Amino acid sequence: MSRYPLLFQTVRENRRGFVAWGAILAAIAALYTAFFRQYADNPDLAASLTQLPEWMQKTFSFQDMSGAGWLTSTTYGLVVPIATVIMAVTFVGRVLPGDEEAGIVDLYLAYPLSRTRLVLERFGAFVLLACFTSTIVALVVAGFNVGFDMGVAPAHIAGMTVVLVLLATVYGALTLLVGCLTGRRGLTSAVAGAAGAAGYMFDALGKQFDEASFLRTISPFYHYIGPRPLHEGLDPGHTVVLAGTSAVLVLLGLWAFNRRDIQP
Amino acid sequence: MARDSTLAIETRGLSKRYRGQGDGPPALDALDLAVPRGCVVGFLGPNGAGKTTTIRLLLDLLRPTSGACTVLGTDVARAPARWRQKLGYLAGDFAVPDRLPVDELLRFLADLRGGVDRARLDELCERLGVHRSKTVHALSKGNKQKVGLVQAFMHEPELLILDEPTSGLDPLLQHTFLDLVREAKARGQTVFMSSHVLSEVQSVADRIAIVRQGRLVEYTDVDKLEILHTHKVSITFGAPVPDHAFAAIEGFAVSRHTPTSVEGLLTGPADALIKAAAEHEVVQFRSREPDLEEVFLRHYSDVDQEGA
């Protein structure tokens, strides 16, 4: 008998989802990282990237083509965080508002489980999922780092993994908050998904235009990759911003969920 | 407020108006109900009368618009999570995570309860004929309902709150279910069960509460319930009978009259009606239990008019 039965049950119930997300993220991390060799061995390709319009170079940070630079523009800068945010919105949306709409939350709350515990154990399962997929990505990248001689410090890959988990928890926590406010899965996915797209856009626009640089500061993507963790290592300030944002969103969600009627 | 420890459920002016419900009558309107411990109460009413709303308020799943409820001596609004250890609940639309086998689900739910007697769980599954190796989503509605009953009864809670517990069960299992309720009562457990079929609860209930349009219209011992002695009678005659032939029979309210047939609700002794019918050529005489809607129209029409 476990002390956190709902957390472990959530993991057990979603074991296939864990495996699938792990496989998806491993595949896209491998695919994008593997291009590094082609690029590094092909000076023409490297040169062609510098010929791209300036806004594209800025958006994707193609100026720096070291191993860390490549990973920052591609693997960790684009596909992995986007897939991870989609995973956060999908997973948390299903286990909180999704289960509420299905009537399953009704059942659990007739058991000796407080509303706070229910939300936290569900969210805890998601944090485990994010740790799992982010670690898989780190292992794939670490493998290429050695194989392709990319020259990234292993500690920096670890730091990148920490902020990737925290990016996931920010969007997971946002999904939790909207789910706790509304109890509607469709609405929750729409709002959290839009916030994910906006976060990415704000960071990209902030990079383009100096006048819009304030947009970056409110984008979780900026706090995730802006301080260049693969080059500089983990930045404590930005890390705290991501962790603190997650905590505040979860607390607001708990506050809301403890005050309203359970659907349907 | 003084709390009566002999009561399993006590509601005081309990009202619920859903958000977005507008100016219509509230889903539940000032419900005052006291259920003694160890009592089996049948909670009846047509669909949409407020039964599920009441039950979800008792479980703190809904928050009342006004009023309060005390369950097992604890104010529901301030109840800690462990208080629910004393409750067993079966929702009207019982939903569980459905991608796992029944056995795994029951083990998890027992875990969530904080441990359940294994032998008791096995006994319940056997008596209700639960398919333990099947995946939940492969079960029919009735088979899923059995799982719902097992999880509600498995920890022998002080109070069982069951919303339409027999829906989807075949007659044999309805019988088993009623046995479970009787055994629970014998053990001193309290059972509060909703239904929209009177006959389903009358054999086990000590008391019957009837709600209609969010209001309690009747709450009485089951043997004092007048509607239990009401029957729907229809008589077909071989030849036309005069219009007035059944107009003034005590306890018989005519609802339909054609030249060769009469239909109505009979409350109390049948003697006068049978003697009146016997003066004509009776081809067919049928008497059956009326459904609640029909009874309501007859017995609680004042509520109808007020509510309209």
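On a predicted model such as this, the values are computed, not experimentally measured, just so you know.

This brings us to the nonpolar core. With 156 residues, the main nonpolar core has Tyr76(A), Tyr108(A), Leu118(A), Phe126(A), Phe153(B) and Phe192(B) as its most contacted residues. No other element matches helix H9 (residues 154-182) of chain A, which puts 15 residues into this core. Discounting chain neighbours no more than four positions away, the residues touching Leu118(A) are Leu6(A), Leu96(A), Val105(A), Tyr108(A), Leu109(A), Leu113(A) and Phe257(A).

It is worth spelling out the sheet that holds strand E3 (residues 40-44) of chain B at this point. Residues and elements named next belong to chain B. Strands sit in the order E6-E7-E8-E3-E9-E10 across an open sheet of 6 strands; the sheet is mixed. Edge positions in the sheet fall to strand E6 (87-90) and strand E10 (215-221), since each of these pairs with one other strand and no more. Taking each pair of neighbouring strands and ignoring which way they run, the sheet shows an average axis angle of 15°. Looking at chain direction, E3 and strand E8 (residues 190-195) are connected through 5 bridges and run parallel. Residue pairing in the sheet places Leu44 in a bridge with Ser195 of E8. Running over the sheet, helix H4 (residues 141-153) touches E6 and strand E7 (159-163) and is turned about 170° from E6.

Turning to the side chain of Thr53(B), a few remarks are in order. Locating Thr53(B) in the fold gives a position in helix H1 (residues 51-58). A relative accessible area of 8% means that Thr53(B) is categorised as buried.

For the rest of this paragraph, the subject is the interface of chain A and chain B. With 30 residues of chain A at the contact, the number on the chain B side is 30 residues. At the boundary of chain A with chain B, total buried surface from both sides reaches about 2,600 Å², with 54% on carbon and sulfur atoms. At the boundary of chain A and chain B, one finds 4 salt bridges. Where Arg56(B) meets Asp106(A), a salt bridge forms, and the shortest distance between an N and an O atom there is 2.6 Å. The interface formed by chain A and chain B includes 16 residue pairs in polar contact (both at pLDDT 80 or more). When residues of the side of chain A that touches chain B are traced back to their parent elements, those giving at least two are helix H1 (5-13), helix H6 (75-102) and helix H7 (104-108) of chain A. Residues belonging to the side of chain A that touches chain B are distributed by class as follows: 14 nonpolar, 7 polar and 9 charged.

Conventions and cut-offs
Residues numbered from 1 in each chain as written. Chains lettered and ligands numbered in written order. Predicted model: local features only at pLDDT ≥ 70, side-chain atom pairs only at ≥ 80, totals over all residues. Heavy atoms only, no water. Core = buried A, V, L, I, M, F, W, Y, C linked by side-chain atoms within 4.5 Å. Buried < 20%, exposed > 50% of the residue type's maximum accessible area, 1.4 Å probe, protein only. Helix = DSSP H or I, 4+ residues; strand = E, 2+ residues; numbered from the N terminus. Contact = heavy atoms within 4.5 Å. Pairing = 2+ DSSP bridges. Axes fitted to C-alpha atoms, helices over the stretch in contact; angles between N-to-C directions. Buried area = accessible area lost by both parts, 1.4 Å probe. Salt bridge = Lys/Arg side-chain N within 4 Å of Asp/Glu carboxyl O. Polar contact = N/O pair within 3.5 Å; in protein donor to acceptor, adjacent residues only side chain to side chain. Nonpolar A, V, L, I, M, F, W, Y, C, P; charged D, E, K, R; others polar.

Honestly, that's just the spatial picture; any functional story needs more than this.
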